[in-house]
Amino acid sequence: MAEKIDHGRRRLLTAATVGTGAIGVVFAAVPFLASWSPSARARALGAPVELDASKLEPGQMVVVAWRGQPIYVVRRTKDVIAHLGDHNELLADPNSDNSVQPDYIKATGAARARNPEYWVGLGVCTHLGCAPTSAPVRRGEFQVAGVDLGKDWPGGFYCACHGSKYDASGRVFKNVPAPKNLTIPPYALGKDLRIVVGVDDASQNA
Ligand code: FES
């Protein structure tokens, strides 16, 4: 039987989650907000969106819009990166065989990123499309909607709509409603940490 979608709740959660991502920018990066603004060309539908990730703090996430969808950019902590491969047995698709991402991302294994420190992915739950909340701290006491992710939480994302959990590479856990890992869009990432979402240039690994 098809599951009913609470559209009002979804909109609220989406707004709250994007707002949460933006809070870090507001507090930590007000002086350089202008550098995150898409160019006039990027405002055209489907155009690539460019951002400067060099000023992100470890654990911080920002959200940019690309093709009308939220793109999460997270600077992962060294602790989270070091343990990305430690929980594959808990994941539904640890090698991203049944998930959507460019081949050059799949080839990076557990990192699912051009640069392990900067993760870029679509902030849309693969269950019914809510916006997962960033829960970036490994072994933190992260709580959202009354849910404690536990002392063994590896860092990642939590979708409060129906309880799907993803690790810090957007890989979905077993026994949750979401069927696939978070989608990763094509993007370029240069050594200057400028990320261009929507450009499929596989030569630009940082
Ligand atoms: S939309 Fe259902 S768990 Fe995310």
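Structure shown above.
So, here's what we can say about the structure. (Residues numbered from 1 in each chain as written. Predicted model: local features only at pLDDT ≥ 70, side-chain atom pairs only at ≥ 80, totals over all residues. Heavy atoms only, no water.)

**Quick word on unusual backbone geometry**
Working step 1: For Ser96, which is not glycine, the phi dihedral falls at a positive 60°.
Working step 2: By secondary structure assignment, the location of Ser96 is in the loop between helix H2 (78-82) and helix H3 (103-106).
Working step 3: Overall, Ser96 belongs to the buried group, its relative accessible area being 1%.
Working step 4: The backbone phi angle of Asn175 is positive, close to 60°, even though this residue is not glycine.
Working step 5: Position of Asn175 among the secondary structure elements: in the loop between strand E9 (164-167) and strand E10 (187-189). (Helix = DSSP H or I, 4+ residues; strand = E, 2+ residues; numbered from the N terminus. Buried < 20%, exposed > 50% of the residue type's maximum accessible area, 1.4 Å probe, protein only.)

**Brief notes about the packing of aromatic side chains**
Working step 1: Applying the stated criterion across every chain, the model contains three aromatic pairs.
Working step 2: Each ring, one from Tyr72 and one from Phe157, has its centre 5.9 Å from the other, and the planes form 35°; the classification is tilted. Of this pair, Tyr72 sits in strand E3 (residues 69-75) while Phe157 sits in strand E8 (residues 156-159), and the two are 85 residues apart along the sequence.
Working step 3: With a relative accessible area of 0%, Tyr72 lands in the buried category.
Working step 4: Taken together, a centroid distance of 5.8 Å and an interplanar angle of 20° make the contact between Trp153 and Phe173 stacked. Placement of Trp153 in the loop between strand E7 (147-148) and E8 and of Phe173 in the loop between E9 and E10 is noted, with a sequence separation of 20 residues between them.
Working step 5: On the accessibility criterion, Trp153 (3% relative accessible area) is buried.
Working step 6: Phe173 gets classed as buried once you look at its relative accessible area, which sits at 8%.
Working step 7: Members of the aromatic cluster, joined through ring pairs, are Tyr72, Trp119 and Phe157.
Working step 8: Positioned above the aromatic ring of Tyr104, the side-chain terminus of Arg114 is 4.0 Å from the ring centre.
Working step 9: Above the face of the Tyr187 ring, Arg114 is positioned so that its terminal group lies 5.7 Å from the ring centre. (Phe/Tyr/Trp six-rings, centres within 6.5 Å; stacked < 30°, edge-to-face > 60°. Lys NZ or Arg CZ within 6 Å of the ring centre and 35° of its normal.)

**Focus on the sheet that holds E10**
Strand pairing in a sheet is mediated by backbone hydrogen bonds. Such pairs are either parallel or antiparallel.
Working step 1: Here we have three strands laid out as an open sheet, ordered E1-E11-E10, and antiparallel in their pairing. Two strands in the sheet have a free side with no partner beyond their single neighbour: strand E1 (49-52) and E10. Within the sheet, the average angular offset between the axes of one strand and its neighbour, ignoring direction, is 15°.
Working step 2: Two elements, E1 and strand E11 (residues 194-197), share four bridges in a ladder whose sense is antiparallel. Looking at E11, one finds that Asp52 is bridged to Arg194. (Pairing = 2+ DSSP bridges. Axes fitted to C-alpha atoms, helices over the stretch in contact; angles between N-to-C directions.)

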